[in-house]
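Each chain is listed here by its residues.
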Amino acid sequence: NWNQVFVFLGIGSYLYTELLGRFFKKYVPYTVEAVNHPNSSTTEVVLRPKKDLITKHRAGQFLFVRFLDKGLNESHPFTISSAPNEDGLRLTIKACGDFTRRLFANLKAGTDAIVEGAYGMFDYRTGGPKQIWVAGGIGITPFLSFIRDLKDDLSHHVDFYYTVRHKDEAIFVDEIEKIVTKYPRLKPYIRFSAVHGSLTVDDIVKNAGGDIRGHHVYMCGPLPMVQAFEKKFAEAGVSRENIHFEEFNFR
């Protein structure tokens, strides 16, 4: 079942980074330049390389990071929320488990870090001309990287959904709204479920004109949401090969 799949993927990621990764991949030293809290449960970590950058990454990829401080000296995967052309790296992390809560409470500027990556195939540029992006909660992170990386034009037509329960849980909304005004093909739908009700695939199909069979779908968010939406998108006629999401959870 899906829960077993994700458990095995998580175990595989851990064994890779702890046991095998050190023999095949370069670990790059960084320093925490700044720690910001865009809301009461989210940490934005700004990392600056001590010397060399990690291997050039693409928008939407993730990396492994270890903070060299008591209580945080564990390697964890996090999606990069900055654009690839930025001088440093930005990670946007929700306090939703033991480690990420400790990070929210204790991480300080000046902390040394070891970064490995980047990894992942979550890349809208490989998809078709009509796309649907769905970000649930902290699942906004790869989409932040996508839109921060936009250049002069966007060749895809994108319906971009960002849903959280309450308004104060949303992050970087002003920045998102400012960026999307430059790209008429990128249509945002920012939804607060406590006010507007939960987002459904029926809502998405309706906004897309009633037929999404030719669309590519990109999702990032809580595992139950991703599983439920994958099923509903398939029932709406989207090929499973056209439904894309990363297969790990952050804690």
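All of these numbers come straight from a predicted model, not from anything done at the bench.

Here we come to the sheet that holds strand 10 (residues 216-220). Spatially, the five strands line up as an open sheet ordered 9-8-7-10-11, and their pairing is parallel. The two strands at the open ends of the sheet, each matched to only one other strand, are strand 9 (186-192) and strand 11 (243-245). Sheet twist, expressed as the average angle between the axes of neighbouring strands with direction ignored, equals 15 degrees. Lying on the sheet, helix 4 (residues 173-180) is in contact with strand 8 (157-164) and strand 9; it crosses strand 9 at an angle near 155 degrees.

Below, the discussion takes up the pattern of salt bridges. This model, assessed by the stated rule, comprises 16 salt bridges. Notably, a salt bridge pairs D203 with R191, separated by 3.5 Å at the nearest N-O pair. With D203 in helix 6 (residues 201-207) and R191 in strand 9, this pair connects stretches of sequence that are 12 residues apart. Under the relative-accessibility criterion, D203 is labelled partly exposed at 23%.

So, on to the pairing of strand 9. One ladder, built from seven bridges, connects strand 8 with strand 9; its direction is parallel. Residue pairing in the sheet places Y162 in a bridge with I190 of strand 9. Remark: the strand 8/helix 4/strand 9 crossover connection has right-handed handedness.

A few words on unusual backbone geometry. Generally, phi is negative for residues other than glycine and the peptide bonds are trans, each holding for most cases. Look at the link from G117 to A118: it is a cis peptide, with omega at 10 degrees. Tracing the backbone shows A118 in strand 6 (residues 112-119). A positive phi is found at F172, a non-glycine position, where the angle reads about 60 degrees. Note that F172 resides in the loop between strand 8 and helix 4.

To continue, consider the packing of aromatic side chains. Scanning the model with the defined rule gives 15 aromatic pairs in all. Each ring, one from W133 and one from F160, has its centre 5.6 Å from the other, and the planes form 70 degrees; the classification is edge-to-face. Here F160 lies in strand 8 and W133 lies in strand 7 (residues 130-136), a separation of 27 residues in the sequence. For the residue pair W133 and F160, the accessibility class agrees, reading buried in each case. Taken together, a centroid distance of 5.8 Å and an interplanar angle of 40 degrees make the contact between F143 and F160 tilted. In this pair, F143 sits in helix 3 (residues 141-148) while F160 sits in strand 8, placing the two residues 17 residues apart along the sequence. Of the two residues, F143 and F160, both sit in the buried class. Three or more aromatic residues link up through ring pairs in this structure, and these residues are F122, Y124, W133, F143, F146, F160 and Y218. Here the basic side chain of R148 rests over the ring of F172, its NZ or CZ set 4.9 Å away from the ring centre.

About the cut-offs
Residues numbered from 1 in each chain as written. Predicted model: local features only at pLDDT ≥ 70, side-chain atom pairs only at ≥ 80, totals over all residues. Heavy atoms only, no water. Pairing = 2+ DSSP bridges. Helix = DSSP H or I, 4+ residues; strand = E, 2+ residues; numbered from the N terminus. Axes fitted to C-alpha atoms, helices over the stretch in contact; angles between N-to-C directions. Contact = heavy atoms within 4.5 Å. Salt bridge = Lys/Arg side-chain N within 4 Å of Asp/Glu carboxyl O. Buried < 20%, exposed > 50% of the residue type's maximum accessible area, 1.4 Å probe, protein only. Right-handed = clockwise from strand over helix to strand, strands pointing away. Phe/Tyr/Trp six-rings, centres within 6.5 Å; stacked < 30°, edge-to-face > 60°. Lys NZ or Arg CZ within 6 Å of the ring centre and 35° of its normal.

Coordinates in, geometry out; function isn't part of it.
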